[in-house]
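# Observations on the three-dimensional arrangement
The chain contents come next:
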Amino acid sequence: MKRGTVIALFFVLVTVAALSLEVQYSSYDYIGYNPVNNAGQGVVHAEFQNALGSYRGPYVIIYVTAQQWHWDFYPHQKVWDNLTVVPVGEPVVFVIHSIDVYHEFFIQSASSNFSLGFNFGAEAVPGYYSYIVLVFPKPGYYHVACAEYCGTAGVGLGHSWLVGTILATSNATLAEQITGGVMPQGTWAPNSVGGAE
């Protein structure tokens, strides 16, 4: 190829990459959480204040750290690898980041037929925090996986091992047992928004 063609192709590719990033991140922060119609639920936000929008009711915060190859959930008495507990029917703000490579924090209902249709994800990026607000509609277990390939290790560990579990419950006593007595930040108020999806 001629030098001019290569340079032109390079600029076209850079332009396409810049536009695709703009389109991807333009979906961030378009609206905060609204319990009346769950607007903003499942939308990834670039700032904590934007995640909650004008909502002023109770919510809890769960900090999620992704790394090869487990999820750390805070706050707990100790870091609980791959397990956390959240209230049912109350906004949960997940504060998500990674300490090594790109991951994607992806949650889905853990029922055998996935009939709840609960499938949400947010990027976990080193040096960056993303915020997602979710209301877990029913008690039970929700599956967490990494939806972005994040590598392998020589002893069988790798991307497929980056899984976890979220237990949604209104039982504060059970939640305290799981978290070692340190409840999530915020106000634990199950069913404060009726659990409507």
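Residues numbered from 1 in each chain as written. Predicted model: local features only at pLDDT ≥ 70, side-chain atom pairs only at ≥ 80, totals over all residues. Heavy atoms only, no water.

All right, on to the overall build of the protein chain then. Counting its secondary structure elements, the protein chain contains three helices and 12 strands. Going through the 197 residues of the protein chain one by one, you find that 42% of them count as buried. Considering only intrachain contacts with a sequence separation of at least 6, the fraction spanning at least 24 residues in the protein chain is 66%. Surface accessibility of the protein chain: about 10000 Å² in total, with carbon and sulfur atoms responsible for 58%. (Helix = DSSP H or I, 4+ residues; strand = E, 2+ residues; numbered from the N terminus. Buried < 20%, exposed > 50% of the residue type's maximum accessible area, 1.4 Å probe, protein only. Contact = heavy atoms within 4.5 Å. Areas by Shrake-Rupley, 256 points an atom, 1.4 Å probe, with all protein chains shown as cover.)

Let's shift gears to the sheet that holds strand E10 (residues 140-146). Spatial ordering of the open sheet is given by E5-E11-E10-E7-E8, a layout of five strands whose pairing is mixed. Of all strands in the sheet, those with a lone pairing partner are strand E5 (83-87) and strand E8 (119-124), marking the two edges. Strand-to-strand twist in this sheet, taken as the mean axis angle between neighbours without regard to direction, amounts to 25°. Here E5 pairs with strand E11 (residues 163-169) via five bridges, running parallel. Within E11, the position partnered with Pro87 by the bridge is Thr169. Set on the sheet, helix H3 (residues 172-179) makes contact with E5 and E11; between it and E5 the angle comes to about 155°. (Pairing = 2+ DSSP bridges. Axes fitted to C-alpha atoms, helices over the stretch in contact; angles between N-to-C directions.)

This part takes up the environment of Ala145. When you line up the elements, Ala145 lands in strand E10. Sequence separation between Ala145 and His159 is 14 residues; the distance between their C-alpha atoms is 9.0 Å. With residues near it in sequence (within four places) discarded, Ala145 still touches Trp71, Glu104, Phe105, Phe106, Leu162 and Val163.

Strand E2 (residues 60-67) sits mainly inside the fold: seven of its eight residues count as buried. When E2 meets strand E6 (residues 91-98), the two strands line up parallel, connected through seven bridges. Each bridged residue has a counterpart across the sheet, and for Ile61 the counterpart in E6 is Val93. As defined by bridge partners, E2 adjoins strand E3 (residues 70-74) across five bridges and the pair is classed as antiparallel. Considered in E3, the bridge of Tyr63 is made with Tyr74. Joining the antiparallel neighbours E2 and E3 is a turn of two residues.

On to the nonpolar core. Grouped together as the largest cluster of nonpolar side chains are 33 residues, with contacts concentrated most on Trp71, Phe94, Phe105, Ile107, Phe136 and Ile166. With four residues, the top contributor of residues to this core is E2. Tyr33, Ile61, Val93 and Val133 belong to the second largest nonpolar core, which has 11 residues in total. (Core = buried A, V, L, I, M, F, W, Y, C linked by side-chain atoms within 4.5 Å.)

Turning to a nonpolar patch on the surface, a few remarks are in order. Taken together, the side chains of Ile7, Phe10, Phe11 and Val14 present a nonpolar region at the surface, about 390 Å² in accessible area. Checked against the element boundaries, Val14 lands in helix H1 (residues 3-26). Val14 gets classed as partly exposed once you look at its relative accessible area, which sits at 40%. (Patch = residues over 30% accessible without salt bridge, like charges linked within 9 Å, V, L, I, M, F, W, Y side chains within 5 Å. Salt bridge = Lys/Arg side-chain N within 4 Å of Asp/Glu carboxyl O.)

Cis rather than trans, the peptide bond between Tyr74 and Pro75 has omega equal to -10°. As for its placement among the helices and strands, Pro75 is situated in the loop between E3 and strand E4 (80-81). Despite not being glycine, Asn191 shows a phi value in the positive range, around 60°. You can see Asn191 is positioned in the segment after strand E12 (185-186).

This part is about the packing of aromatic side chains. Tallying each qualifying case throughout the model produces seven aromatic pairs. Centroid distance Phe94 to Phe105: 5.4 Å. Interplanar angle 50°. Geometry classified as tilted. Placement of the pair is Phe94 in strand E6 and Phe105 in strand E7 (residues 103-109), with a sequence separation of 11 residues. Considering the side-chain rings of Phe136 and Tyr142, the 4.8 Å spacing of their centres and the 75° angle between planes classify their relative orientation as edge-to-face. Take Tyr142: its relative accessible area is 1%, and that puts it in the buried class. Here the aromatic cluster, defined as three or more aromatic residues joined through ring pairs, consists of Trp71, Phe73, Phe94, Phe105, Phe136 and Tyr142. (Phe/Tyr/Trp six-rings, centres within 6.5 Å; stacked < 30°, edge-to-face > 60°.)

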